[in-house]
Amino acid sequence: MWIVVLVSLAGVVAAATGVVMLVRTRRFLEGSQLTEGTIVGWREESFSASDGGDTALYPILRFQVPDGRAIETEAQMPVSSRPDPDAAVAVLYDPADPRRARLATHGGRGYLTGVVFVICGIGLAVLPYVFF
């Protein structure tokens, strides 16, 4: 019985994490500015313990803000495929802190990750009660 409770609790935590991600994404997008930039590189982060595991690719973005400053920063959201270096891209950034930037793509906006957490969390929270 305690396993059912623990799995359900994990599901509630995952769903709550997803909701927080969605709220933060919405706040970021509401206050962000759109500009054109370029991808000047990327950082790879492995999230698998085994060799040849999966990696997340975080593009390094360069863009200019209206006051003329050139900003070079790592995107907050990873991308699923290796971007072309020096590719022109649409960038969303926080005018108060331009280092907080994302690619202006569906995946780069950050909604998908939050939605996946919410759906999986609800599934985990309910699933034990369906089968037990």
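Up top is the structure these notes are about.
Caption draft 1: Spatial organisation of the pairing of strand β2 (residues 55-64). Burial analysis of β2 places seven of its 10 residues in the buried class, which makes it a mostly covered element. In this sheet, β2 lies alongside strand β1 (residues 33-46) in antiparallel orientation, the contact comprising nine bridges. Paired with R43 across the bridge in β2 is Y58. Hairpin remark: β2 followed by strand β3 (residues 70-74), antiparallel, with five residues in the connecting loop; positive phi at G68, about 100 degrees.

Caption draft 2: Structural context of the nonpolar core. Ranked by internal contacts, the top residues of the largest apolar core, which has 13 residues, are L61, F63, V89, V91 and A101. Those elements that provide at least two residues to this core are β2, β4 (88-94) and β5 (97-103). Beyond its immediate sequence surroundings of up to four residues, V91 is in contact with Q33, L34, T35, G37, L61, F63, A101, R102 and A104.

Caption draft 3: Up close: the pairing of β3. The side-chain alternation of β3 yields one buried face, formed by I71 and T73, and one unburied face, formed by A70, E72 and E74. Pairing between β2 and β3: five bridges, direction antiparallel. Among the inter-strand pairings, I60 is bridged to a residue of β3, identified as E74.

Caption draft 4: Inspection of the packing of helix α1 (residues 2-31) against helix α3 (residues 111-131) at higher detail. The contact between α1 and α3 brings their axes to 7 Å, and the two run at 160 degrees. Compared by their axis directions, α1 and α3 come out roughly antiparallel. Handedness of the α1/α3 crossing: left-handed. Split by residue class, the contact of α1 with α3 holds 18 nonpolar, eight polar and one charged.

Caption draft 5: Expanded view of the sheet that holds β1. The five strands lie next to each other as β3-β2-β1-β4-β5, forming an open sheet whose pairing is antiparallel. The open sheet has two edge strands with one neighbour each: β3 and β5. Averaged over all pairs of adjacent strands, the angle between their axes in this sheet comes to 45 degrees, without regard to strand direction.

Quick notes on the rules
- Residues numbered from 1 in each chain as written.
- Predicted model: local features only at pLDDT ≥ 70, side-chain atom pairs only at ≥ 80, totals over all residues.
- Heavy atoms only, no water.
- Buried < 20%, exposed > 50% of the residue type's maximum accessible area, 1.4 Å probe, protein only.
- Helix = DSSP H or I, 4+ residues; strand = E, 2+ residues; numbered from the N terminus.
- Pairing = 2+ DSSP bridges.
- Core = buried A, V, L, I, M, F, W, Y, C linked by side-chain atoms within 4.5 Å.
- Contact = heavy atoms within 4.5 Å.
- Axes fitted to C-alpha atoms, helices over the stretch in contact; angles between N-to-C directions.
- Parallel < 35°, antiparallel > 145°, perpendicular 65-115°, else oblique.
- Left-handed = near helix turned anticlockwise from the far one by under 90°.
- Nonpolar A, V, L, I, M, F, W, Y, C, P; charged D, E, K, R; others polar.

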